[in-house]
Amino acid sequence: MPIQYSISGSTVDEIAASVETAIRGDHIKPGQTLPTVRALAEQLGVSPTTVASSYKELTRRGIVIGEGRRGTKVRAAPPISGRLPMAVAPGTIDLRTGGPDPALLPALVPALLPALLPAPPPFDSLECEHRLYGESAVFGPLAKVAAERLAADDVDASYMAVVGGALDGVERVLGAWLRPGDRVAVEDPGYTAVLDLLLALGLRPVPMAVDELGARPDRLEAALNRGAGAVVLTPRAQNPTGAAWDARRSSDLRRVLHRHPDVLVVEDDHAGPAAGVALETVCAGRRRWATIRSVSKWLGPDLRLAVLAGDRTTVDRVEGRQALGTGWVSYLLQQVVAELWSDRKVLRDLDRAAKVYRSRRNALIKALRSEEITINPISGLTVWVPVTDEHAVVAGLLDQGIAVSPGERFRVEAPPGVRIAFATLREVDAPAVAAALGRVLRQRSVRAG
Ligand SMILES: Cc1ncc(COP(=O)(O)O)c(C=O)c1O
């Protein structure tokens, strides 16, 4: 759809600022195509080079994307304002957000109160003193419990930083080694925010197809041969597909990576124990690597922090850069996470939560099968259903009171699909969701394959 807004300005900066302001004010919307360079140059009375440079600057910042002959489009998630989820009608079964079920997270009050009051066991080790500048960025007891858990998964935790979550970790590790213009291999389909982040950092995603076991080794090899200097991998709870590596897949990926010893490998273990399967890692013995384990999915997104294990240089660079900005992740938060992560009851509840997610996933898979929709996800909180027309499926489901996400933003070259985030979908409701999807696929002939 052509834009109605009148872009203004006579210099590179003014034109770029005018587009940015229009997007922020919702006058130009995500997905809309900007005027051609020639048309805008004529309209503004400036040279085509000036407009082209403005578009280049907006592209560099991840606000727009050039699509060759199809022109320059506003990206779906331009990094210029916070985003609120789109509202849906009351009563809709909302299966759009890939977060955890709040009912399966540990209760916050017993975890937080002791941080402020003298604490009963098991929280009696929480300290209630002010921390000042110049202390270690990592809270000792958190480092201890994290190192134990990571070591149990064969992750070398000799060097560790604490960052503000998995995405923060991914950004910091990439920032430690890469420059704008560098190529990064990413899963396709993969997590939208990772794709958006790369573009906002001026990095160039090189898509790698995934299958039921995650990133495909042959596609990893192809991406590295295309010049990717880094790769972001999701060992388990792959978002959106719910794939996870088994021992064979991780060994096949390791073999490919072995031929590229200088490639930076980032493992995004965003779901940790909520993934429901054991972690496999490909980082052992590598030169440049990081495994990032976030607590968002199992302790809660508002306790968002992640421990980041890596080689010494990567961890030092991440901590050194962090020291120049945020400094550290609040000790209060690190204490609460350390306590929860060491608490036996919390750990038992976590096991239970992982089982509930597994049952919900299996109920959905089974219900989909009875609609002749066959998918085999084994991990995480989301599943991916291939379809030929994502928006028709999303609209058709919405008509039946079910909200899912179109796959568009999760993919680069991968064929279309929709993502169903099932974390809160009760087993009894799975057949209704599957039946609604079955109806849409039949009515609109948009089944893939
Ligand atoms: C693959 C992936 N990575 C990272 C994140 C975000 O993790 P965090 O909250 O720790 O930044 C998510 C959230 O769903 C995810 O799916």
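Residues numbered from 1 in each chain as written. Predicted model: local features only at pLDDT ≥ 70, side-chain atom pairs only at ≥ 80, totals over all residues. Heavy atoms only, no water.

### Some details on the sheet that holds strand 5 (residues 183-188)
- The 8 strands are arranged 4-11-10-9-8-5-6-7 in an open sheet whose pairing can be described as mixed. Looking at the sheet topology across the chains shown, the edges are occupied by strand 4 (160-163) and strand 7 (214-215).
- By the bridge criterion, 5 bridges tie strand 9 (residues 264-269) to strand 10 (residues 289-294) in an arrangement that is parallel. Directly across from V265, in strand 10, lies its bridge partner W289.
- Contacting strand 4, strand 10 and strand 11 (306-310), helix 5 (residues 140-152) crosses the sheet at an angle of about 110° to strand 4.
- Along the sheet, helix 7 (residues 192-200) makes contact with strand 5, strand 6 (204-211), strand 8 (230-233) and strand 9, crossing strand 5 at roughly 160°. (Pairing = 2+ DSSP bridges. Helix = DSSP H or I, 4+ residues; strand = E, 2+ residues; numbered from the N terminus. Contact = heavy atoms within 4.5 Å. Axes fitted to C-alpha atoms, helices over the stretch in contact; angles between N-to-C directions.)

### So, helix 9 (residues 247-258)
- Taking 1.5 Å per residue, 12 residues should reach 16 Å; helix 9 reaches 16 Å between its end C-alpha atoms and fits that length.
- Turning to helix 9, its buried residues are R249, S250, L253, V256 and L257. For helix 9, the angular spread of buried residues about the axis comes to 120°, placing them on one side. Summarising the geometry of helix 9, the exposed residues directed more than 90 degrees from the buried face are R248 and H258.
- In this structure, the buried side of helix 9 is in contact with strand 6, strand 7, helix 8 (217-225), strand 8 and strand 9. (Expected span 1.5 Å × (residues − 1). Buried < 20%, exposed > 50% of the residue type's maximum accessible area, 1.4 Å probe, protein only. Arc of directions from axis to C-beta.)

### Some details on the sheet that holds strand 15 (residues 417-421)
- Ordered by their spatial adjacency, 3 strands build an open sheet running 12-15-14, and the pairing between neighbours is antiparallel. Sheet topology places strand 12 (382-386) and strand 14 (405-406) at the edges, where each strand pairs with a single neighbour.
- Where strand 12 lies against strand 15, 5 bridges are found, and the strand directions are antiparallel. Residue pairing for strand 15: V385 is matched across the bridge by V418.

### Some points on the pairing of strand 15
- Burial analysis of strand 15 places 5 of its 5 residues in the buried class, the great majority of the element.
- Pairing geometry for strand 14 and strand 15, over 2 bridges, is antiparallel. Across the sheet, the residue bridging to P406 is V418, located in strand 15.

### Examining the site of the ligand
- Neighbouring residues of the ligand: G165, A166, L167, Y191, N239, D268, H270, S294, S296, K297 and R304.
- Protein contacts shield 94% of the accessible area of the ligand, which totals 400 Å² for the unbound molecule.
- Considered class by class, the residues forming the shell around the ligand number 3 nonpolar, 5 polar and 3 charged. (Near = heavy atom within 4 Å. Areas by Shrake-Rupley, 256 points an atom, 1.4 Å probe, with all protein chains shown as cover. Nonpolar A, V, L, I, M, F, W, Y, C, P; charged D, E, K, R; others polar.)

### A short note on the domain arrangement of the chain
- Domain boundaries assigned for the chain yield domain 1 (12-74), domain 2 (93-104 + 346-444) and domain 3 (134-342).
- Inter-centroid distance (C-alpha atoms) of domain 1 to domain 2 is 36 Å. (Domains from an automatic or database assignment.)

### Quick look at helix 11 (residues 331-342)
- The end-to-end C-alpha distance of helix 11 is 16 Å, a good match for the 16 Å that 12 residues give at a rise of 1.5 Å each.
- Of all 12 residues that make up helix 11, 10 are buried, and the element is covered over most of its length.
- Y331, L333, Q334, Q335, V336, V337, A338, E339, L340 and W341 are the residues of helix 11 that are buried.
- In this structure S330 caps helix 11, since a side-chain oxygen of it lies 3.1 Å from the backbone nitrogen of L332. (Polar contact = N/O pair within 3.5 Å; in protein donor to acceptor, adjacent residues only side chain to side chain.)

### Quick look at the pairing of strand 8
- Of the two faces of strand 8, the one holding A230 and V232 and the one holding V231 and L233 are both buried throughout.
- Here 3 bridges tie strand 5 to strand 8, and the two strands are oriented parallel to one another. By the bridge assignment, A185 is partnered in strand 8 with V231.
- Examined bridge by bridge, strand 8 and strand 9 share 4 bridges and lie parallel to one another.

### Re the packing of helix 13 (residues 390-399) against helix 14 (residues 430-444)
- Following both chains from N to C, one finds helix 13 and helix 14 inclined at 130°, their axes separated by 9 Å at the closest point. It follows from the interaxial angle that helix 13 and helix 14 lie oblique. Crossing of helix 13 over helix 14 shows right-handed handedness. Of the residues in helix 14, those touching helix 13 at A392, V393, A395, G396, L397 and D399 are A436, L437, V440, L441 and R444.
- Of the residues assigned to the contact of helix 13 with helix 14, the class counts are 8 nonpolar, 1 polar and 2 charged. (Parallel < 35°, antiparallel > 145°, perpendicular 65-115°, else oblique. Left-handed = near helix turned anticlockwise from the far one by under 90°.)

### A short note on the pattern of salt bridges
- In total, this model carries 26 salt bridges according to the counting rule given.
- Here R411 ties to E390 by a salt bridge, and the two come within 2.6 Å at their closest N and O atoms. Within this pair, whereas R411 is found in the loop between strand 14 and strand 15, its partner E390 is found in helix 13, the two being separated by 21 residues in sequence.
- Looking at R411, the relative accessible area reads 22%, which means it is partly exposed.
- Linked by salt bridges that have partners in common, D153, R236, D269 and R293 make up one network. (Salt bridge = Lys/Arg side-chain N within 4 Å of Asp/Glu carboxyl O.)

### Let's talk about the nonpolar core
- Core analysis: the largest hydrophobic core is formed by 54 residues, its most contacted members being L142, V231 and V337.
- Shared between two domains, this core holds at least three residues of each, these being domain 2 (93-104 + 346-444) and domain 3 (134-342).
- Not counting the four nearest positions on each side in its chain, V231 is found in contact with V184, A185, M208, L220, L257, V263, L264, V265 and V266.
- By size, the runner-up hydrophobic cluster in this structure holds 26 residues, among which are A367, L425, A430 and V433. (Core = buried A, V, L, I, M, F, W, Y, C linked by side-chain atoms within 4.5 Å.)

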